[in-house]
Amino acid sequence: MEIQKSLAHVHRKNAKITGVYFIAATLFAIMGLKLYDPILQNPNYIAEAAGHSTQIILGAISELILVCANAGTALMLFPYLKRYNENLARGYYTFRLIEAITILVGVFSILSLLSLSKTFNGDANA
């Protein structure tokens, strides 16, 4: 009986941690997108992005936190999904990994555009 209570406590704790990861992933994805507005919403983004470099860098940091949260959800759910179907668990984990890699490519692309904007504007710190 004591083992069941302990196991139930562990499952509840893991569920809460997984929920926090999902909420963090959603919040940081939205924050990153909004912080990228100077590049995404401006037709003259090459010239204008350098003026918003702090905002864009904060967006990139938000996206990096998003990557960590996505990895956390995959790691936390893997043992539970594996109980039902090991292929499903591996598939979920793999697609979360692909999602994280895609987000990282996007972060590097945005930071490259920021660097290009600084060079375009003649910023010595580019």
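None of these values were measured; they are calculated from a predicted model.

What counts, and at which threshold
Residues numbered from 1 in each chain as written. Predicted model: local features only at pLDDT ≥ 70, side-chain atom pairs only at ≥ 80, totals over all residues. Heavy atoms only, no water. Phe/Tyr/Trp six-rings, centres within 6.5 Å; stacked < 30°, edge-to-face > 60°. Helix = DSSP H or I, 4+ residues; strand = E, 2+ residues; numbered from the N terminus. Buried < 20%, exposed > 50% of the residue type's maximum accessible area, 1.4 Å probe, protein only. Patch = residues over 30% accessible without salt bridge, like charges linked within 9 Å, V, L, I, M, F, W, Y side chains within 5 Å. Areas by Shrake-Rupley, 256 points an atom, 1.4 Å probe, with all protein chains shown as cover. Salt bridge = Lys/Arg side-chain N within 4 Å of Asp/Glu carboxyl O. Expected span 1.5 Å × (residues − 1). Polar contact = N/O pair within 3.5 Å; in protein donor to acceptor, adjacent residues only side chain to side chain. Core = buried A, V, L, I, M, F, W, Y, C linked by side-chain atoms within 4.5 Å. Contact = heavy atoms within 4.5 Å.

Which parts of the structure should I look at to understand the packing of aromatic side chains?
For any two aromatic rings, the description comes down to two numbers: the centre-to-centre distance and the angle of the planes. Taken as a whole and assessed by the stated rule, the structure comprises one aromatic pair. Seen in terms of ring centroids, Phe78 and Tyr93 are 6.0 Å apart; in terms of plane orientation they differ by 70°. Their pairing is edge-to-face. Separated by 15 residues along the polypeptide, Phe78 in helix α4 (residues 53-84) and Tyr93 in helix α5 (residues 86-120) bring together distant segments of the chain. A residue is classified by how much of its surface remains accessible, and Phe78, at 25% relative accessible area, is partly exposed.

Quick question: what am I supposed to make of a nonpolar patch on the surface here?
Together, Ile57, Leu58, Ile61, Ile65, Phe108 and Leu111 make up an exposed nonpolar region whose accessible area comes to about 510 Å². Elements that contribute at least two residues to the nonpolar patch include exactly α4 and α5. Among the elements that take part in the nonpolar patch, α4 stands out by supplying four residues, more than any other. Tracing the chain through its elements places Leu111 in helix α5. For Leu111, a relative accessible area of 32% gives the class partly exposed.

Can you help me understand α5 in this one?
In an α-helix, one full turn covers 3.6 residues, which means residues spaced three or four apart are oriented alike. The end-to-end C-alpha distance of α5 is 51 Å, a good match for the 51 Å that 35 residues give at a rise of 1.5 Å each. For α5, the set of buried residues is Ala89, Arg96, Ala100, Ile103, Val107, Ile110, Leu114, Ser117 and Lys118. Regarding α5, its N-cap is Asn85, as a side-chain oxygen of that residue lies 2.9 Å from the backbone nitrogen of Asn87 further along. Positioned one or two residues after α5, Gly122 has a phi angle of 75°, which is positive.

Would you take a moment to explain the pattern of salt bridges for this structure?
In a structure, side chains of opposite charge can pair up when their charged atoms sit close to one another. All told, the structure shown has three salt bridges when counted by the stated rule. For Arg90, the salt bridge identified is with Glu86, shortest N-O distance 2.5 Å. Highlighted residues: Arg90 and Glu86, both in helix α5, separated by four residues, approximately one helical turn. You can call Glu86 partly exposed: its relative accessible area is 34%. Among the ionic pairs, Glu99 bridges to Arg96, the shortest N-O distance being 2.8 Å. Of the two residues, Glu99 and Arg96 are both situated in helix α5; the distance of three residues between them amounts to about one turn of the helix. Taking relative accessible area as the criterion, Glu99 reaches 30% and is therefore assigned partly exposed. Among the residues examined, Arg96 registers a relative accessible area of 12% and is labelled buried.

What exactly am I supposed to notice about the nonpolar core here?
Side chains that are nonpolar tend, in soluble globular proteins, to be buried together. Core analysis: the biggest nonpolar cluster contains 15 residues, and Tyr36, Ile39, Ala49, Ile56, Ile103, Val107 and Ile110 have the highest contact counts within it. At the level of elements, α1 (2-35), α4 and α5 are the ones that each hand at least two residues to this core. Each residue touching Tyr36, except ones within four places of it in the same chain, is listed here: Ile56, Gly59, Ala60, Glu63, Val107 and Ile110.

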